[in-house]
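Chains, contacts and geometry: an overview
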Amino acid sequence: MSITRRKFLGWLGAATAGTTLGNTANAASNKHFSGYPNSMGVLFDNTRCIGCRKCEEGCNTVNELPAPERPFDDLSVLNTRRRTDAKTYTIVNRYDAVSNVKVKEPLYRKVQCNHCLEPACASACFVRAFSKTKKGAVIYDASVCVGCRYCMIACPFEIPTYEYDSAFEPRVMKCTMCSPRIEKGLLPGCVEACPTEALTYGKRTDLLQVARARISKFPDRYVNHIYGENEMGGTSWLYLSAVPYKEVGMREDLGVTPAPKLTAGALSGVPIVVGIWPVLLTGIYAMSKRKEKIANTETKLAVAAAVEQANTEAKANLKSEIEAVNKMKQKEIDNAVKKALEEAAKPKEEDSDAQPEKAEKKPSEEGS
Amino acid sequence: MKKVKARLSVTGSVLVILIVTICLTCSGNYGAKGPSESEMQQRADIIRINSMQKFGKLERPAVPFLHQKHTEAVAKKNKDCTACHLTQKDRLVFKYMRLEDSTQQAVMDVYHANCVACHQQTAAANEKSGPVVCGECHQERTGLVSVWQPMGMDKSLHYRHSKAQNEKCERCHHQYDEVTKKLFYAKGQEGTCRYCHQDVTEENRISLQQASHLECINCHSQTLAKFDDAGPITCGGCHDPAQQKLIERLKVVPRMQRNQPDTVFVRASKSGIKDPKQATRMKMVPFNHQSHEEYSDTCRVCHHANLNACVQCHTLQGTKEGKYVTLEASMHRLNVNMSCSGCHEINQRAPECAGCHVSIAKTRQQDPSACQTCHMADVVQVAESLQQTDEKELAAMYLAAREPMTDMYAASDIPENVEIKALKNQYEPVKLPHRKIIKTLSNNIKNSKLVAYFHADKNTLCQACHHHSPAAQKPPNCASCHGRPFDERDPSKPGLMAAYHRQCMDCHDAMGLEKPVATNCVACHPKKS
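Residues numbered from 1 in each chain as written. Chains lettered and ligands numbered in written order. Predicted model: local features only at pLDDT ≥ 70, side-chain atom pairs only at ≥ 80, totals over all residues. Heavy atoms only, no water.

Focus: the overall build of chain A
Note the following rule: The secondary structure listing takes helices from DSSP runs of H or I that are at least 4 residues long and strands from runs of E that are at least 2 residues long, numbered from the N terminus. Whether a residue is buried, partly exposed or exposed follows from its accessible area with a 1.4 Å probe, protein chains only, as a fraction of its type maximum: under 20%, in between, or over 50%, in that order. Should any heavy atoms of two residues lie within 4.5 Å, those residues are considered in contact. Note on areas: Shrake-Rupley, 1.4 Å probe, and residue coverage restricted to the protein chains presented here.
On a plain count of helices and strands, chain A comes out with nine helices and nine strands. Across the 368 residues that make up chain A, the buried fraction comes to 38%. Residue pairs in contact within chain A that sit at least 24 positions apart in sequence constitute 61% of those at least 6 positions apart. Per element, the accessible surface of chain A, about 22100 Å² overall, is 57% carbon and sulfur.

Some thoughts on the overall build of chain B
What counts is decided by this rule: Just to be clear, the radius of gyration here is over C-alpha atoms, and the globule rule we use is 2.2 Å times residues to the power 0.38. By the counting rule applied here, Lys and Arg register as positive and Asp and Glu as negative, while His and the ends of each chain are not counted. All charge positions are set by atom: Lys at NZ, Arg at CZ, Asp at CG, Glu at CD.
Counting secondary structure elements, chain B contains 20 helices and 12 strands. Compactness check: chain B gives a C-alpha radius of gyration of 33 Å against a globular reference of 24 Å for 529 residues, more than 25% above the reference. A principal-axis box enclosing the C-alpha atoms of chain B has dimensions of 95 × 90 × 45 Å. Here chain B, with 529 residues, has 25% of them falling under the buried criterion. Summed over its atoms, the accessible surface of chain B is roughly 36300 Å², and 55% of this surface lies on carbon and sulfur atoms. Across chain B, the centroid of the 68 positively charged side chains sits 7 Å from that of the 55 negatively charged ones.

Thoughts on the pairing of strand β1 (residues 40-45) of chain A
Residues and elements named next belong to chain A. Note the cut-off: Strands were regarded as paired on the criterion that DSSP finds at least two bridges between them.
Among the six residues of β1, six are classified as buried, and the element is accordingly described as predominantly covered. By the alternation rule, side chains of β1 split into Met40, Val42 and Phe44 and Gly41, Leu43 and Asp45, which are all buried. Judged from the five bridges that link them, β1 and strand β8 (residues 199-203) form a sheet pairing that is antiparallel. Across the sheet, valine 42 pairs through a bridge with tyrosine 201, a residue of β8. Bridge count for β1 against strand β9 (residues 237-240) is four bridges, and the pairing is parallel. Across the sheet, aspartate 45 pairs through a bridge with leucine 240, a residue of β9.

Describing helix α7 (residues 204-217) of chain A
Because each turn of an α-helix spans 3.6 residues, side chains separated by three or four positions in sequence point in the same direction. Residues and elements named next belong to chain A. Rules: Working rule for helices: expected span equals 1.5 Å times residues minus one.
Between its terminal C-alpha atoms α7 stretches 20 Å, which fits the 20 Å expected from 14 residues at 1.5 Å a residue. For α7, the set of buried residues is Arg204, Asp206, Leu207, Leu208, Val210, Ala211, Arg214 and Ile215. If you follow the buried residues of α7, they end up packed against β1, β8 and β9.

Looking at the interface of chain A and chain B
Going by this rule: Buried area adds together the accessible area that both of two parts lose upon being put together, with accessible area traced by a 1.4 Å probe. Whenever a carboxyl oxygen of Asp or Glu lies within 4 Å of a side-chain nitrogen of Lys or Arg, that contact is scored as a salt bridge. Polar contact is defined as a pair of N or O atoms within 3.5 Å, subject to the rule that within protein one atom must be able to donate a hydrogen and the other to accept it, and that residues adjacent in sequence are counted only when both atoms are side-chain atoms.
Listed by partner, the interface residues are 25 residues for chain A and 25 residues for chain B. Together, Ile50, Pro195 and Glu197 of chain A form the three largest contributors to the area buried by chain A at its contact with chain B, with a combined 25%. Linking chain A with chain B are one salt bridge. Across the chain A-chain B interface, the total number found is three residue pairs in polar contact (both at pLDDT 80 or more). Sorting the residues of the side of chain A that touches chain B by element identifies α6 (189-193), β8 and α7 of chain A as the ones contributing at least two each. Take the side of chain A that touches chain B: its biggest share by element is four residues, from β8 of chain A.

Re the environment of arginine 43 of chain B
Residue and element names in this part refer to chain B. Considering the arrangement of structural elements, one finds arginine 43 in strand β1 (residues 41-43). A C-alpha to C-alpha distance of 31 Å links arginine 43 and alanine 350, two positions 307 residues apart in sequence. Each residue touching arginine 43, except ones within four places of it in the same chain, is listed here: Leu66, Gln68, Lys69, Leu144, Val145, Ser146, Val147 and Trp148.

Let's talk about the sheet that holds β8 of chain A
Whenever strands of a sheet pair, they do so through backbone hydrogen bonds, lying parallel or antiparallel. Residue and element names in this part refer to chain A. Inclusion rule: Fitting a line to C-alpha atoms yields each axis, with helices limited to the stretch in contact; the angle taken between N-to-C directions then spans 0 to 180 degrees.
The strand order β8-β1-β9 describes an open sheet built from three strands, whose pairing is mixed. Looking along the sheet, the strands with just one partner apiece sit at the ends: β8 and β9. For this sheet the average axis-to-axis angle between neighbouring strands, irrespective of direction, equals 25°.

Focus: the layout of surface pockets
Residues and elements named next belong to chain A. What counts here: Residues are said to line a cavity or pocket when one of their atoms sits within 4 Å of a point; the points come from a 1 Å grid over protein atoms alone, cavities being sets where a 1.4 Å probe fits but cannot get out and pockets being open sets with protein on both sides within 12 Å along at least five of seven lines. Grid points are joined across faces, edges and corners, and a volume is the space filled by probe spheres set on the points. Three classes are used: nonpolar for Ala, Val, Leu, Ile, Met, Phe, Trp, Tyr, Cys and Pro, charged for Asp, Glu, Lys and Arg, and polar for all others, with Gly counted as polar.
Estimated volume of the second largest pocket: approximately 970 Å³. If you list the elements that add at least two residues to the lining of the second largest pocket, you get α2 (54-62), β5 (138-140), β7 (172-173) and α5 (179-183). Here the lining of the second largest pocket takes four residues from α2, the largest share from any one element. When the residues that make up the lining of the second largest pocket are grouped by side-chain class, the tally is 20 nonpolar, seven polar and 14 charged.

Observations regarding a nonpolar patch on the surface
All names here are of chain A. Stated formally: Only residues above 30% relative accessible area that lack a salt bridge enter a patch, with like-charged residues linked at up to 9 Å and the nonpolar side chains Val, Leu, Ile, Met, Phe, Trp and Tyr linked at up to 5 Å.
A surface patch of nonpolar side chains, amounting to about 460 Å² of accessible area, comprises Phe126, Val146, Tyr150 and Ile153. Here isoleucine 153 lies in helix α4 (residues 150-154). According to the relative accessible area criterion, isoleucine 153 is exposed, its value standing at 68%.

Thoughts on the pattern of salt bridges
A full pass over the atoms with the stated rule returns 28 salt bridges over all chains. Between aspartate 490 of chain B and lysine 493 of chain B there is a salt bridge, and its shortest N-O distance comes to 3.8 Å.

A short note on the nonpolar core
The cut-off we apply is this: Side-chain atoms within 4.5 Å link the members of a nonpolar core, which is a set of buried Ala, Val, Leu, Ile, Met, Phe, Trp, Tyr and Cys residues.
Ranked by size, the top nonpolar core spans 46 residues in total, and within it Phe157, Leu199, Tyr201 and Trp237 of chain A carry the most contacts. Listed by contribution, the elements that provide at least two residues to this core are β1, α2, β2 (91-95), β3 (107-111), α6, β8 and β9 of chain A. The residues touching leucine 199 of chain A, leaving out its near neighbours within four places in the chain, are Val42, Leu43, Phe44, Cys55, Lys110, Cys190, Val191, Cys194 and Trp237 of chain A together with Phe486 of chain B. Core analysis: the second largest hydrophobic core is formed by 12 residues, Tyr409, Leu441, Val451 and Ala464 of chain B among them.

Notes on the packing of aromatic side chains
Rules: Only Phe, Tyr and Trp rings take part, Trp by its six-membered ring, and two of them pair if their centres are within 6.5 Å. Stacked means planes under 30 degrees apart, edge-to-face means over 60, and tilted covers everything else. Our definition puts a charge over a ring when NZ of Lys or CZ of Arg is within 6 Å of the ring centre and also within 35 degrees of the ring normal.
For the structure shown, the criterion picks out eight aromatic pairs over all chains. Look at phenylalanine 44 of chain A and tyrosine 239 of chain A: their rings are 6.1 Å apart centre to centre, the planes differ by 70°, and that puts the pair in the edge-to-face class. One end of the pair, phenylalanine 44 of chain A, is in strand β1; the other, tyrosine 239 of chain A, is in strand β9, and 195 residues separate them in sequence. When sorted by exposure, phenylalanine 44 of chain A lands in the same class as tyrosine 239 of chain A, which is buried. Grouping aromatic residues by their ring pairs yields a cluster made of Phe44, Tyr227, Tyr239 and Tyr245 of chain A. The ring of tyrosine 453 of chain B has arginine 402 of chain B sitting right over it, with the charged end atom 3.7 Å from the ring centre.

Thoughts on the confidence of the model for chain B
Residues and elements named next belong to chain B. The criterion, for reference: Confidence of the predictor at the level of single residues is captured by pLDDT, which takes values from 0 to 100.
Confidence in the prediction of chain B, expressed as mean pLDDT, is 86, and 91% of residues score 70 or more. When pLDDT is averaged over each helix and strand of chain B, the minimum, 56, is found for helix α1 (residues 2-30) and the maximum, 95, for strand β10 (residues 286-288). Overall, residues 23-35 carries pLDDT values under 50, and its contacts beyond four positions in sequence, including any with other chains, amount to four contacts. Across the predicted assembly, pTM comes out at 0.73 and ipTM at 0.74.

Concerning the side chain of arginine 43 of chain B
According to the relative accessible area criterion, arginine 43 of chain B is buried, its value standing at 16%. In terms of polar contacts, arginine 43 of chain B uses its side chain to reach the side chain of aspartate 45 of chain B, at 2.7 Å.

What to know about unusual backbone geometry
Residue and element names in this part refer to chain B. A cis geometry characterises the amide bond from lysine 515 onward to proline 516, with omega recorded as -5°. Inspection of the secondary structure assignment puts proline 516 in the loop between α19 (496-510) and α20 (521-524). For asparagine 78, which is not glycine, the phi torsion reads 60° and is therefore positive. Within the secondary structure, asparagine 78 sits in the loop between α2 (67-76) and β4 (87-88).

Quick notes on the packing of helix α14 (residues 379-388) of chain B against helix α15 (residues 391-401) of chain B
Residues and elements named next belong to chain B. The test is simple: Relative orientations are named as follows: roughly parallel for angles under 35 degrees, roughly antiparallel for angles over 145 degrees, roughly perpendicular for angles from 65 to 115 degrees, and oblique for any other angle. Handedness of a helix crossing follows the sense of rotation of the near helix relative to the far helix, less than a right angle counterclockwise being left-handed and clockwise being right-handed.
Put simply, α14 and α15 touch, their axes get as near as 9 Å, and they point 130° apart. For the element pair α14 / α15, the angle class is oblique. α15 is crossed by α14, and the crossing has right-handed handedness. Packed against α14, whose contacting residues are Gln381, Val382, Ser385 and Leu386, the element α15 presents Glu391, Leu394 and Tyr398 at the interface.

Section: the confidence of the model for chain A
All names here are of chain A. When the pLDDT values of chain A are averaged, the result is 85; 86% of them are 70 or greater. Every residue in residues 22-29 scores below 50 in pLDDT, and together they form five contacts with partners more than four places removed in sequence or on other chains. Note on residues 357-368: pLDDT is under 50 here. Beyond four places in sequence and across chains, it has nine contacts.

So, the state of the cysteines
We apply this condition: Two cysteine sulfurs form what is called a disulfide whenever their separation falls within 2.5 Å.
Applying the stated criterion across every chain yields a total of zero disulfides over all chains. The thiol of cysteine 113 of chain A is unpaired, and the distance to the nearest cysteine sulfur, on cysteine 175 of chain A, comes to 5.4 Å.

This is the structure:
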């Protein structure tokens, strides 16, 4: 196959243009997903949390998780900084040394899945094991999970955990916002258990209003920021705090871009690359193959024509030669006849036998 | 063979000792961890010598100088302040060994020559001495923590001074004459030092720091020379929080006299109150100046810029001198202690008030009827009455006409205990000592005049818990409003469980009650038997 450099670059250019053009439609749009309408959420207010761990207990009960090593009413557990694990969807941590002297110490922070509006875990999952329900929960389907744990790497809040001690069917474990319960109209386990409504459950839009109202009613009690309103493109779980969020261990460096958007540009190229490039390359291959075929056929035809021509020419030559030979033979015969006639009396038989033999041999040599 | 063994063991032990020593010294020298806060020396006398700063950027770190340490060292040598401070007109100048900062080189030389010379002499006399090498004085990190606290003159201290000075106010108070460029004393024009002496030195006035040290220490040291007893002359004497507490405070301070009114109408215009057209349309506020003097440590709390009437700067429309804070704002602004409402609100943060007030939003907007607690005197009436009566008397009359609310329900009308059975599936009913709680709350506040005038009704106290419903002797049940939590139609209203818990816990928290602990369920909810 023969592709010139110029042609190759031309195709490459066409391919690139195709890829980028397909992409711009999304990347340049100002579309922002602000959550499903009427989706639910929870507002955690750390000025109301008393650190009783009832939410942990409620979560454990409704999700039928294994009993913890130390009972839930053992508050000395709070002396160590903990995180969620495969057997614990939510934990409460205590923060003693907070800067603001106005605030009565300690403060507590509840940790669980924040149920992003556009979840990073879902965008990282290539088998679509994660999905955002219309009610707001980010749920996980173990039946399709291949255990790659990309979700665990993708989550900016370090929430999904893995059943490392399960040898056969390990699952990714995380808070489900009690999705089965909220579908039935029940409260999430932790919310139901909270004695002080440090957890407020409701429509996310309502919760934002409730949170703003609290800030404006008690401006010196709260930091004027609702965590989760815009973090990572917004989360269904919202937070109010008496101190800057980083002082209670929450990341303030996340930005407001939803995780999927960070990778959308590159990933949106994937279908195009996967879809177009094989077709394109096959096309290029087919085209060059076809050319080759055509060229081959043409050559064959040309050769055949040439052979034909040669044959015809040869035949013509042969004919003329035969004719010439025949002529010569005739001439010789005539001469011989003449001679014989002249030598009438002399013996004529010897010469007339030899000459016809030679004339028969010649055409066969030419044809080969 | 034995010899070899012995030699080996000796070498071994020497090596071990060497290694240990090296490790110890290394960790001493190179340990990255600085001293923790508790290990750091706490001092109130740290002065950063940065006199060179006015000549440009410092070439080396400013020198942390421990003044008290030097005062003591100098005293040991039987020398006094003049060992380091020059005098001018019999008064010490609080610059080191010079009267003024002339040039960069000169100031630098003063320190380098004199400090180092003294340190060298002391060292030569085999006494404990200070550094002579650059880096030992010019240090960034010192391992010292300053506990320095600002010093102020409260009413008690002021009275003790004026008594000691035989009420010769001119000993301290003065004013500046622009024309003669001299200080003079004007009787009846005294103000606090801070009205003129600000944080930094301005053209014709030195900074408060300079002024106070110059005046206070000079006077104290002169007094000390004549008598046994005088005010502090050391840094810690005024600025160490521990020593500040030792300063005698009079329980009853005789009233300071500076032509201030006893009772007065709050002026709404500069032109006076006799002309009703000049005044505001609002009812006028008779103000008990005398009693408010008692509530404050200094005049400065309210009179933050001068001792004039508020309206001189804060007019109805606002003026440039008043930073365009209107009269209305100057009286009602929250979160500042110089406005009426601001100070009253700050008072509500006291534990005996905070229990209830913690859950009441801090907004300026109150029930309009509350305005009349202060705004009680009709403008026209006041103008007419002033034809016959003195303003002071009239204001006093209005104030006396107020009736402090001291009424309370009879104990028999207050339920003694209230049983809360909302969580009866999990626990025994909660026995709320209802009467005891009310008794404690009302006892806590019974001596407060602020309460007496602002808790307008005998139901007011009840309404901290029995809120958002008409005040009544038998208010509605909590469950009448608080039911299922997270009602979509009213998402900000707590459910019954949270309403109870937050009402109790927030109040206990704000009052500083440590028991029962919020997380100890069975302290309130007895276990089910």
